[in-house]
Amino acid sequence: MTDKDAAPTENPAATTGRQTKSSIWGGRFSSGPSELMQEINASIDYDKRLYRQDIAGSKAHATMLASCGIISDDDRAAIHRGLDAIMDEIATGNFTFSAALEDIHMNIESRLAELIGEPARRLHTARSRNDQVATDFRLWVRDMMDSVDAALAELQTVLLQRAEEHADTLMPGFTHLQTAQPVTFGFHLMAYVEMFGRDRGRFADARKRLNESPLGAAALAGTSFPIDRHMTAELLGFDRPTANAMDAVSDRDFAVEFLAAAALCAVHMSRLAEEIVIWCSDRFGFITLSDAFTTGSSIMPQKRNPDAAELVRAKPGRIIGSLNGLLIVLKGLPLAYGKDMQEDKEGVFDAADALTIAIAATAGMTADMQAVPSNMRAALTKGFPTATDLADYLVRDLGMPFREAHHVSGSIVAIAAERGCDLDALSLEDMKAVEPEITADVLAVLSCEAAASMRLSHGGTAPDEVRARITEARQRYALDT
């Protein structure tokens, strides 16, 4: 019989000296909840992650209460001293978390009472667990947004370094995974710099809306105590207090926005991860990954599998699932707070973990991968990647309407396909047989090197333009060189 199956012989809170559930809830309740109710109600197994934010919020609240004359300076000093001790206990693994106390807030408050006595019982004046958890959760998500931004900036930095190394390395650009036009590997990697830049912008934008303090909203209607919500907002680094107490305790938009930004960011990483899988494959061989980011097979000794990329490719599944889960939890909830909202955190925590490791793995793989330029260049001998350049020549040099040029170019491609050669292997006479006005000048535009170097339009693949965009991106995204 497991511990959960065993019949309880004593009050689980009594063994630690902590408050019982009935004492937490007050005189309205004469006995504690059933074992099943306690199990479904407790959130301490996961919301203990909020301990730093909970302690910071409580210290700010105590400071404000003392400043407003609601508690004494001695009480404030005792509360701060006790909270500092609890912070040390938790950080060093010497704190005992109790499911009987339900959540991180009551675990800390109960331990505070053990450490400092009566002053601890004054800390909850003019606040509720409703505004307390809303504040803690906002602080946690804000910290995570800052952490994600720093990680994405590092990922961009690595991409820029690799792009600079390969600003001249030719490879096929694809549409529909079919050879389209010659590009450079550096140009290709720069596309992801822009994607992750937009991700950083989304997190930053969401952070601005998040950065209002719910503390002091109390249960849902504010408080009759003469508190200073602007003071606690400032102490906790918020821009301002929330404008409506009911909205303050019921709002989880900030968590939804974090998950939405995380989901799209994960999708971007998944796209890069899929390309890494493709590039590593025997059929492409565009890059190699070292042992650090690959695994072997239990039966096939020759295998080197890009498992890190495949795992990153899978992460959007759980992150998008967390986003959908929270939206469904919030759908149709009446104002203000319902216990349903306790289900807001696990998905966010899980998504944050998945996103964090995915960004780290993506940066690691990007730094680790070694390009194989010879294979990239060889791939350009298939698929007629300079056909568009031939059409552009007909328009630019012969004044031909583009649609007509498209048709002529396609006819010349058909000849090359029939002979099994690339366009630059055809003779001038072969091309003049299709369009007599073609001159020897056409031969200068049919090589892949020429095709790439001519695309000097802003954001194009010409090596000099790629290098210019690398320099500009470092400035625009405030990245270290």
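Please read these numbers as outputs of a predicted model, since none were measured by experiment. Each chain has its residues counted from 1, following the order in which its sequence is written. Thresholds applied to this predicted model are a pLDDT of at least 70 for local features of residues and 80 or more for the giving and counting of side-chain atom pairs; totals over whole chains, interfaces and linings are not thresholded and use all residues. Hydrogens and water molecules were not included; the side-chain quantities draw on all heavy atoms of the structure.

**Quick notes on the environment of isoleucine 44**
Reasoning step 1: Topologically, isoleucine 44 is positioned in helix α3 (residues 44-47).
Reasoning step 2: Linking isoleucine 44 and isoleucine 116, residues 72 residues apart in sequence, is a C-alpha distance of 23 Å.
Reasoning step 3: For isoleucine 44, the contacting residues outside a window of four places in its chain are Phe97, Ser98, Ala99, Glu102, Asp103, Ile104 and Asn107. Each helix is a run of H or I in the DSSP string that is no shorter than four residues. Each strand is a run of E no shorter than two, and both are numbered from the N terminus. Contact definition: two residues touch when any of their heavy atoms are within 4.5 Å.

**Observations concerning the pattern of salt bridges**
Reasoning step 1: Put simply, a salt bridge is a Lys or Arg side-chain nitrogen that is within 4 Å of an Asp or Glu carboxyl oxygen. One pass over the structure, following the stated rule, counts 33 salt bridges.
Reasoning step 2: Between arginine 419 and aspartate 430 there is a salt bridge, with its nearest N and O atoms 2.6 Å apart. Remark: aspartate 430 occurs in helix α17 (residues 428-432) and arginine 419 occurs in helix α16 (residues 402-419); sequence separation between them is eleven residues.
Reasoning step 3: The buried label goes to any residue with under 20% of its type's maximum accessible area, the exposed label to any with over 50%, and the partly exposed label to all in between, with areas taken from a 1.4 Å probe on protein chains only. Aspartate 430 gets classed as buried once you look at its relative accessible area, which sits at 17%.
Reasoning step 4: Between arginine 467 and aspartate 464 there is a salt bridge, with its nearest N and O atoms 3.1 Å apart. One end of the pair, arginine 467, and the other, aspartate 464, are both in helix α19 (residues 463-476), three residues apart, so they sit about a helical turn from each other.

**A few points about the packing of aromatic side chains**
Reasoning step 1: Pairing of aromatic rings covers Phe, Tyr and Trp, the last counted by its six-membered ring, and requires centre-to-centre distances within 6.5 Å; plane angles under 30 degrees mean stacked, over 60 mean edge-to-face, and any other angle means tilted. Scanning the model with the defined rule gives nine aromatic pairs in all.
Reasoning step 2: Arranged with centres 6.3 Å apart and planes meeting at 80°, the rings of phenylalanine 137 and phenylalanine 349 form a pair that is edge-to-face. Of this pair, phenylalanine 137 sits in helix α7 (residues 129-165) while phenylalanine 349 sits in helix α13 (residues 345-368), and the two are 212 residues apart along the sequence.
Reasoning step 3: Its relative accessible area of 3% is what places phenylalanine 349 among the buried residues.

**A closer look at the nonpolar core**
Reasoning step 1: Nine residue types can take part in a nonpolar core, namely buried Ala, Val, Leu, Ile, Met, Phe, Trp, Tyr and Cys, and a core is a set of them joined through side-chain atoms within 4.5 Å. Core analysis: the biggest nonpolar cluster contains 96 residues, and Val141, Phe185, Phe203, Phe258, Val348 and Leu355 have the highest contact counts within it.
Reasoning step 2: The element that contributes the greatest number of residues to this core is helix α11 (residues 253-280), accounting for 17 residues.
Reasoning step 3: Setting aside chain neighbours within four positions, we find valine 141 in contact with Leu210, Phe254, Phe258 and Val348.

**Describing the packing of α7 against α11**
Reasoning step 1: Geometry is summarised by axes, namely lines fitted to C-alpha atoms with helices restricted to the contacting stretch, and by angles between N-to-C directions that run from 0 to 180 degrees. In contact at an axis separation of 11 Å, α7 and α11 are set at 20° when each is read in the N-to-C sense. With respect to their mutual orientation, α7 and α11 come out roughly parallel. The chirality of how α7 crosses α11 is left-handed. Counting all contacts with α7, which are made through Ala134, Phe137, Arg138, Val141, Met144, Met145, Leu152 and Leu159, the residues of α11 involved are Phe254, Ala255, Phe258, Cys265 and Leu272.
Reasoning step 2: Asp, Glu, Lys and Arg are counted as charged, while Ala, Val, Leu, Ile, Met, Phe, Trp, Tyr, Cys and Pro are counted as nonpolar; the rest, among them Gly, fall into the polar class. Class assignment of the residues belonging to the contact of α7 with α11 gives a composition of twelve nonpolar, no polar and one charged. Throughout, the term roughly parallel applies to angles under 35 degrees, roughly antiparallel to angles over 145, roughly perpendicular to angles from 65 to 115, and oblique to all others. Note on convention: the crossing is left-handed when the near helix lies turned anticlockwise from the far helix by less than a right angle, right-handed when the turn is clockwise.

**Points about the side chain of aspartate 430**
Reasoning step 1: A polar contact of 2.6 Å, which involves the side chain of aspartate 430, links it to the side chain of arginine 419.
Reasoning step 2: A distance of 3.0 Å separates a polar atom in the side chain of aspartate 430 from a polar atom in the side chain of serine 427.
Reasoning step 3: Excluding residues that lie within four positions of it along the chain, aspartate 430 makes contacts with Ile415 and Arg419. Definition of a polar contact: a pair of N or O atoms within 3.5 Å, with one able to donate and the other able to accept a hydrogen when the atoms are protein atoms, and with sequence-neighbouring residues admitted only if both atoms are side-chain atoms.

**Considering α7**
Reasoning step 1: For a helix, the expected span equals 1.5 Å multiplied by the number of residues minus one. Its 37 residues place the ends of α7 54 Å apart at the C-alpha level, agreeing with the 54 Å of an ideal helix rising 1.5 Å per residue.
Reasoning step 2: Taking burial as the measure, the 37 residues of α7 include 26 buried ones, the bulk of the element.
Reasoning step 3: Capping the start of α7 is the job of one residue whose side-chain oxygen sits 2.9 Å from the backbone nitrogen of asparagine 130: serine 128.

**Focus: the pairing of strand β2 (residues 178-184)**
Reasoning step 1: Here, strands pair whenever DSSP counts at least two bridges between them. Where strand β1 (residues 170-175) and β2 come together, six bridges link them in antiparallel fashion. The residue of β2 that forms the bridge with threonine 175 is glutamine 178.
Reasoning step 2: The hairpin turn running from β1 into β2, its antiparallel successor, is two residues long, and histidine 176 in that turn takes a positive phi close to 60°.

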